[in-house]
Every structure is written in C-alpha cells, then in structure tokens.
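Residues per chain are reported as follows:
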Amino acid sequence: MMETPIMKQIAYSSVAGLLATACGTSSAPPPEVMTEHEAIPLALESEPSVGRLADQGYTEGDGVTAWREPGFKQRFTAVNFNSVLVTDSVQDATTGAWQSVTHQSSANFSVLHVTSAGGGPDRYAVFGLTRDKKPVVELWNLVPDQGAVVVHGAGGGPTSPQLIPKKFQKTRIFEGAPDQGAVAFEYDPAGRFVVCAIRDPQGEVSLVQIDARDLAAPPVVLHDSTAIPELNDVQYAQVADHVQLGRVFKFGTAFASHRRIMLVDSDNDGVFDGPPLVGDDDFFKSMDLDVYEDWISLYH
C-alpha cells in the first residue's frame, strides 16, 4: 500500500501479559460508544506519534483509497478517534459525473488506526484502545442494509443503483491486557490475519499475528524490540507486493531517521519467511529494494 492508512483526519473537529486476554470466541462488542471527549485524550496520550500528528491539525481530503475500479471507488477515514467513515462513489457512464454515499459508525474504544483489506471493497480492520488501555482489533465489514441513502453529487439525476444503504458488521478478534499501546497494524488482503505492533507497559514493542478466521487460535508473537530495537520507534504499517520479494508487510519509523522492518511472505501462504529485513533507507537502496516502480499497490 502506497498510502499510509493511519488516521488521515485527526480530529479535534473532524480524526505472556501481552496475550493474557486475547479473544477465544466470537462475541459482539459491548454497546457503549466511546465519546470523542473520551477517545481523543486517550489517543493523544497513548503514542507520541499520534500526538505529533495532532499538532499538525487535521488533513483535508476525502480519505484513503480502499478500492478503485472503472466507475467505482471506495475511500475511508476516521474522525474524532471514535468513528469510521467509508464513502462509495460511482461515476455515471454517460455524463461522467460522480455520486457518493457515506457509511459511518462509532466504536466503543478509541480508534487509533484503520485499514482496509485490499483485494476488494467493504472489508476493514480497526485497531485501538479501550478505556483501560487494552489494545483491541475489530473487523468491520460493510453489508447491505435496509433504509434510504443520502446521495451527494447527484445533480438532480437518478441515483445509481450501486449506491445502496450499508451497515458495519463488527467482530472483535483480539483484546489484549490493560495498559498497552496500539502502535500500528496491517490487515492481510486475503482476510486471514492482522499483524499488530503493540507496546507493553515497560515500553517494549512486539509484532503480534492474530488469526482473523479462527478466533480460538492464540495470537503469535513474531518479533519483539528486545531482538529488533527498531520496533520501539515504529509509527506506521503498510502492505504491498514487490516484484522480487512477493508479499511484504512493512513497519516503519519516522521519516527523519527512517528505519523499516519488512516481513516477507514470498509465496503469500500466510507464513512469513525467516527473519525480517531490517535497516535504514541506505540499506534498502543498496539491496535495490527502494525502487518505487517495483512496489505494487494492492488497492487497485
């Protein structure tokens, strides 16, 4: 993914112990929505990188591209650290005009990161913190719903039949121990798992792979910052295909002193190949792994 799927609208006005309480069965999340007055301070206090983003205000725009095909695009964003918005847009084949419908839902935790699965529309994962700072991952899939839609850009013409009401179907697949940090994460485009960077109360960061299909499967700690110190400075995650490496999950630090931790799954079987590639920009350039054209976005 060539766009960082971390909160694009930050929002005052708009964005052993680690696995102790991991979910073992599917259950609906509790109903109490977290208000923005709860969610924003919790998010800003949780990770330094979130605070630095908030200092920049919020980013204008209509969100991050989740899926694009001729005549259709779907974008997403998050607001007030407690809500997710997904916008479907359809282009009229005759006039070229675009119409759009936005689907929105609030969370019962502070939303720090949202990403789409890629490989198609309507599949999202949300990563954040509960009131007692337990990291949680939920899958938010859009499914058809009853009711009407509010169409933008219709221009008085008929509404496209592709613009239908949808609702979010939510499944919590992970809940960690209290007093942790939700640093960064990515969602497997095939929907098999998510990989999360989670900070423990002592400040150490682990990469944890969570099964998105078998909720009874225990989370697996792939790596930690004891062995890979660069993980302590991770701020974002991306997933893309590389012409030589195959499927790559990338965790990166701030760009001022940029380091990357790349998990490689060359045959895309859901199992990462050996130790990750770790280094700065010069390291990846020396390996000819820094050519933009060699990276293939999964968000057509």
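Residues numbered from 1 in each chain as written. Predicted model: local features only at pLDDT ≥ 70, side-chain atom pairs only at ≥ 80, totals over all residues. Heavy atoms only, no water.

Under the counting rule described, the total for this entry stands at 11 salt bridges. Residues E138 and R172 are paired through a salt bridge, measuring 2.9 Å at the closest nitrogen-oxygen approach. Note that E138 is positioned in strand β7 (residues 135-144) and R172 in strand β8 (residues 166-175), a separation of 34 residues in sequence. A relative accessible area of 1% places E138 in the buried class. A relative accessible area of 6% places R172 in the buried class. In this structure, a network of salt bridges that share partners links the residues D132, K134, E138, R172 and E175. (Salt bridge = Lys/Arg side-chain N within 4 Å of Asp/Glu carboxyl O. Helix = DSSP H or I, 4+ residues; strand = E, 2+ residues; numbered from the N terminus. Buried < 20%, exposed > 50% of the residue type's maximum accessible area, 1.4 Å probe, protein only.)

Time to look at the nonpolar core. Among the nonpolar cores identified, the biggest contains 26 residues, and F127, V137, I173, F185, V194, C196 and I210 are the most heavily contacted of them. For this core, the leading source of residues is helix α1 (residues 36-46), giving four residues. Residues F193, A237, V239 and F251 belong to the second largest nonpolar core, which totals 19 residues. (Core = buried A, V, L, I, M, F, W, Y, C linked by side-chain atoms within 4.5 Å.)

Okay, the sheet that holds strand β17 (residues 295-296) next. Pairing is antiparallel in the open sheet, where five strands are placed in the order β16-β15-β14-β13-β17. Looking at which strands have only one partner, the edges of the open sheet turn out to be β16 (277-280) and β17. (Pairing = 2+ DSSP bridges.)

Another point: the packing of aromatic side chains. By the definition in use, this model includes eight aromatic pairs. Relative to Y124, the ring of F76 lies with its centre 5.3 Å away and its plane at 65°, an arrangement referred to as edge-to-face. Within this pair, whereas F76 is found in strand β2 (residues 72-79), its partner Y124 is found in strand β6 (residues 123-129), the two being separated by 48 residues in sequence. Each member of the pair, F76 as well as Y124, carries the same accessibility label: buried. On the basis of an interplanar angle of 80° and a centroid distance of 6.0 Å, the ring pair of F193 and F272 is categorised as edge-to-face. Linking F193 in strand β10 (residues 193-199) with F272 in the loop between β15 (259-265) and β16, this pair joins segments that are 79 residues apart in sequence. A relative accessible area of 4% means that F193 is categorised as buried. Overall, the relative accessible area of 15% leaves F272 in the buried class. (Phe/Tyr/Trp six-rings, centres within 6.5 Å; stacked < 30°, edge-to-face > 60°.)

Turning our eyes to something else, we now look at the confidence of the model for the chain. With 84% of its residues at a pLDDT of 70 or more, the chain has an overall mean of 86. In the model of the chain, helix α2 (residues 48-55) stands out as the element of lowest mean pLDDT, 56, in contrast to strand β11 (residues 205-211), which has the highest, 98. Here residues 1-27 is a poorly scored stretch, pLDDT under 50, and it has 103 contacts once near neighbours within four places are set aside; other chains count. Confidence drops under a pLDDT of 50 for residues 52-60, and excluding neighbours within four residues, the segment shows 14 contacts in the predicted structure. (pLDDT = per-residue confidence, 0-100. Contact = heavy atoms within 4.5 Å.)

With respect to the helices and strands, the residue Q209 is situated in strand β11. When its relative accessible area of 15% is taken as the criterion, Q209 is described as buried. A polar contact is formed between the side chain of Q209 and the backbone oxygen of G270, at a distance of 3.3 Å. (Polar contact = N/O pair within 3.5 Å; in protein donor to acceptor, adjacent residues only side chain to side chain.)

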